[in-house]
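The lines below spell out each chain.
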Amino acid sequence: MAANKRIMKELGEINTNPPPGCAIRLAKEDDINLWDVTMDGPQDSPYTGGKFHIQIVLPKEYPFKPPVLTFRTKIYHPNVTNDDKGAMCLGMLRADEWKPPNKIVDVLKLVRAVLAAPQPDDAVEAGIANEFKTDRKAFDKTAQDWVKKYAK
Amino acid sequence: MADYDEREEELKTLSSIFPELSPDSEDFYCATLEIPVSPAKPLLVRFLPVQGLANLSLDLNGTPTVNAAAYIERDVELAHLPPLTLHMNLPEKYPEEAPPDVRLEAEEDWLPKEKLSELEQQVRSLWDDYGRCQILFSYIDYLRQGAEQGFDLDQSADGCLVLPMSAEQSLLAYDSETKQAVFNETTQDCGICLEPKKGVACYQLPKCGHVFCKSCLQDFYNNAISEGDVANIRCLSPDCGKSGPAVNGKIKRRKANSLHPRDLLAMGVDDQKVRRYVDMKRKKKLEANKNTVYCPRTWCVGPAKSPKYPPIPVDLGTYAMHTSSDDESDEESTAKHNKNPQSPKAAESEAALDSADRLAVCEKCSFAFCRVCFRGWHGQYARCFPRNPNELSAEEKASYDYILANTSPCPTCNSPTQKAMGCNHMKCFNCNAHFCYLCGAWLDGDNPYQHYNKSGTDCYQRLWELEEGDDGQAPEDGRGFAGNRRWEVMAIEAAREAEAQEAAAAAQAEEDARTDGALQAQEREQAQAVQAHVFARMARIELGGNAMAEAPQARQAGNARQRNPFPAQPRAAGAAMAVRNHERQQGGQHLPARPALNNDERRQAELQRFLDMAERDEEEGWDSDEFPDDEDDFRIR
């Protein structure tokens, strides 16, 4: 019960004052544990101009357990798995690092920060991370191509 | 003049400004007022034992001239001190001709006498300065301001207020009670339920000062303790423990403040839950310590008593837990030990072998035993040798099998790990090492994923395999997770095969012996009988005539190797043997049915083979290693 109240509260806060470049709504009217987020690619990053659909699942133990975040839009990024899941497992989203006072707003801010500045040392796609580190131009090019292809 | 009394007017005014002013019931012109002392900057107070203070009370400057006598200093910062009581008496000639009579009192006598009289005298000079008018309000204001400054007590030569140790308890209690009272009146925003709550419903962690509401804290910690998630019993604030400044870049990230059971009790977590937490935490530490020995009684298996991990007291609030900083230093020192093979710890455990330190007492059943040979305590002077735990109980066997089949050990600390969900990059719950769940390889924490991106390796592109956990899943391509104590499984498999061959050979030899027709009746005799038998057989060989020359040689060889065919104890009685026996009992899963030979039969057969070889003058080819050895010594950790 307490969890629902908190989620409602967060949802209210996030809708009155959404983080930059994010639009949030519930995926289904009657399920407050499933959020749909549309995030604009940050300026000055290869993702600019793209619209990324991110789904957030709030576990029933939320906020005691971290939310699970998946990119529904394919994205070429070292920290997002390049498969049909589009999973992201980073920093505060890890089960052992998650702390209940963290909010979805903070999570979205983190995601946007990671989009703007990938963290190749904490990558799930080491190949992409390697390219990001060694051949930044090629990386930017592929990322932009993918934006055009998938994120329009 | 008589109908207008300035004294009455002043007291009236004062009582409307300070409603807590209490007029004297007997003398109309007397009143008392309590002046709270809560310095803006907490006052540093040093408590000295009474001997040190003998000099101190004589010293008028308030600077103690304590000589080199040993004493323990305790410096404490107090934000709240007991209030000053101001007694005011307005004489008849006040305010024109006489100053007010004031007397100051401090509860617990915490304010030095000299200071009190200094403050008392101030009223006269104020009265003079202000032109002998109504002065009480100004004086009270002066006192309050002084209190705000801590009466400049920290400006003394010591930089702190020095008090006898006897006052310590009551002053500390007053300080914390007042703090709590102030806190209870505040409104806090709980970061978990995001609701504003009154301070009474909240709990502030004493070490780091973070505040959450009690019901959220209870929910979280109850849940974590039920799940056995000891590592998460720490301050919940995201920025707790992260701000630790790196000194010389040596201190990594500091851990978030771990909680004392006292805190958990104070925030309203059940006594039982807290006890479970303390128990788990202690057990974890015991298990992490390589020097811990366990009771050899199979029905007990409790850890031996150790001064480092005292038993949990009935009153959990008094439990002396290692603080998180202790933990860190512990970890650091063990890390050092690991690097350095000549570690003091190794030396320590060796030293334990020679002295009375071998005595261990089980904390559960109080059994006194030897930590080297695991038998009942034999006194300090008896010689003893390490012994394998003789056999495993059925439960242990089952656990062992399960661990073998369904877990992957951490490459650093060997803790069995099972994956419930997620990728195959694992971080050990016990030692925080990174490793691969599939192959058990240690991974570099800085770049763990490259392990899955080297083409040509076993785990290439397999980061997300078995994402839903491995429970009950069979790998389709046969390359998947198969209980990755891989090397142990392989070693056991190899041992099993070798044994099968050996048994087959033995059976063959036995068969040969039977057809030889000489020894059918004596197959199952005891060792001594068999030895007698050897000589009987030797005699027969001698009688055979053509073996005359070999006989002394054979006898010699037989004597020299006597220890091998007839070991003093049954061999291979270790854990591995127990496991193998257990597997054998489970029946032909791994092997086609074969005659189950017990040790005696095998030994008998082996001996038979040796004798046969001797007869053919081939005994040099006989290898004592063919007897099962207990070198394959597996243990459950």
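Structural data are supplied above this passage.
Residues numbered from 1 in each chain as written. Chains lettered and ligands numbered in written order. Predicted model: local features only at pLDDT ≥ 70, side-chain atom pairs only at ≥ 80, totals over all residues. Heavy atoms only, no water.

(A) Representation of the overall build of chain A in the model. For chain A, the helix and strand inventory stands at four helices and four strands. The helix and strand sequence of chain A, counted from the amino end, reads α-β-β-β-β-α-α-α. Within the span of chain A, comprising 152 residues, buried residues form 53% of the whole. Restricting to contacts in chain A with at least 6 residues of sequence separation, those with at least 24 account for 53%. Total accessible area computed for chain A in this model is approximately 7200 Å², and 52% of it derives from carbon and sulfur atoms. (Helix = DSSP H or I, 4+ residues; strand = E, 2+ residues; numbered from the N terminus. Buried < 20%, exposed > 50% of the residue type's maximum accessible area, 1.4 Å probe, protein only. Contact = heavy atoms within 4.5 Å. Areas by Shrake-Rupley, 256 points an atom, 1.4 Å probe, with all protein chains shown as cover.)

(B) Geometry of the pairing of strand E5 (residues 81–89) of chain B. Residues and elements named next belong to chain B. A large share of E5 lies buried, amounting to seven of its nine residues. Here strand E2 (residues 30–37) runs beside E5; their pairing, made up of seven bridges, is antiparallel. Counterpart to Thr-32 in the pairing with E5 is His-87. (Pairing = 2+ DSSP bridges.)

(C) Spatial organisation of unusual backbone geometry. Residue Pro-63 of chain A is bonded to the preceding Tyr-62 of chain A through a cis peptide linkage, with omega at 5 degrees. Of note, Phe-151 of chain B is a non-glycine position whose phi angle comes to about 50 degrees, a positive value. For Phe-151 of chain B, the position within the fold is in the loop between helix H4 (136–148) and strand E7 (161–164). The backbone of Ser-366 of chain B sits at a positive phi, close to 65 degrees, despite the residue not being glycine. Summarising the element assignment, Ser-366 of chain B is placed in the loop between strand E12 (359–361) and strand E13 (368–370). The exposure class of Ser-366 of chain B is partly exposed, given its relative accessible area of 48%.

(D) Structural view of the sheet that holds strand E17 (residues 434–436) of chain B. Residues and elements named next belong to chain B. Strand order in this open sheet of three strands is E16-E17-E18, and the pairing throughout is antiparallel. The open sheet has two edge strands, strand E16 (425–427) and strand E18 (442–443), and neither has a second partner. Relative to E17, E16 runs antiparallel, the two being bridged by three bridges. The residue bridging Met-426 from the neighbouring strand is Phe-435, located in E17.

(E) Geometry of helix H4 (residues 136–150) of chain A. All names here are of chain A. In this model, H4 (15 residues) spans 21 Å end to end at C-alpha, consistent with the 21 Å of a helix rising 1.5 Å per residue. Listed as buried for H4 are Phe-139, Ala-143, Trp-146 and Val-147. For H4, the angular spread of buried residues about the axis comes to 105 degrees, placing them on one side. Those residues of H4 that are exposed and aimed more than 90 degrees away from the buried face are Lys-137, Lys-148 and Lys-149. (Expected span 1.5 Å × (residues − 1). Arc of directions from axis to C-beta.)

(F) Structural detail: the state of the cysteines. Using the criterion set out here, one finds zero disulfides over all chains in the structure. The cysteine Cys-208 of chain B is free of any disulfide, with Cys-235 of chain B supplying the nearest cysteine sulfur at 3.7 Å. (Disulfide = S-S within 2.5 Å.)

(G) Region of the structure containing the pattern of salt bridges. Inspection of the entire model under this criterion finds 14 salt bridges over all chains. For Lys-103 of chain A, the salt bridge is made with Glu-13 of chain A, and the minimal N-O distance between the two is 3.5 Å. Of this pair, Lys-103 of chain A sits in the loop between strand E4 (68–71) and helix H2 (104–116) while Glu-13 of chain A is found in helix H1 (residues 2–16), placing the two residues 90 residues apart along the sequence. For Lys-103 of chain A, a relative accessible area of 21% gives the class partly exposed. Put simply, Glu-363 of chain B and Arg-282 of chain B hold a salt bridge, and the shortest N to O gap is 2.7 Å. Here Glu-363 of chain B, found in the loop between E12 and E13, pairs with Arg-282 of chain B, found in helix H8 (residues 271–288); they are 81 residues apart in sequence, far enough to count as distant. Residue Glu-363 of chain B is classed as partly exposed on the basis of its relative accessible area of 28%. Judged by its relative accessible area of 8%, Arg-282 of chain B is buried. (Salt bridge = Lys/Arg side-chain N within 4 Å of Asp/Glu carboxyl O.)

(H) Up close: the interface of chain A and chain B. Each side of the interface is counted separately: chain A has 27 residues, and chain B has 29 residues. Summed over both sides, the interface of chain A with chain B buries roughly 2300 Å², with 53% coming from carbon and sulfur. For chain A, the biggest contributors to the area lost against chain B are Phe-64, Lys-99 and Pro-101 of chain A; these three give 27% of the whole. Counting across the chain A and chain B interface gives two salt bridges. When contributions to the side of chain A that touches chain B are tallied by element, the ones reaching two or more residues are H1 and helix H3 (126–134) of chain A. The dominant element in the side of chain A that touches chain B, judged by the number of residues it contributes, is H1 of chain A, at four residues. Its residues assigned to classes, the side of chain A that touches chain B shows ten nonpolar, three polar and 14 charged. (Buried area = accessible area lost by both parts, 1.4 Å probe. Nonpolar A, V, L, I, M, F, W, Y, C, P; charged D, E, K, R; others polar.)

(I) Representation of the sheet that holds strand E1 (residues 22–28) of chain A within the structure. Residue and element names in this part refer to chain A. Within the open sheet, the four strands sit side by side as E1-E2-E3-E4. Their pairing is antiparallel. Taken across any chain shown, the strands that pair with only one partner, and hence form the sheet edges, are E1 and E4. Mean inter-strand twist for the sheet, computed between neighbouring axes without regard to direction, equals 25 degrees. Here strand E3 (residues 51–57) runs beside E4; their pairing, made up of four bridges, is antiparallel. Counted as the bridge partner of Ile-54 is Phe-71 from E4. Sheet strands touched by H2: E1, strand E2 (31–40), E3 and E4. Its angle to E2, the strand with the most contacts, is close to 30 degrees. (Axes fitted to C-alpha atoms, helices over the stretch in contact; angles between N-to-C directions.)

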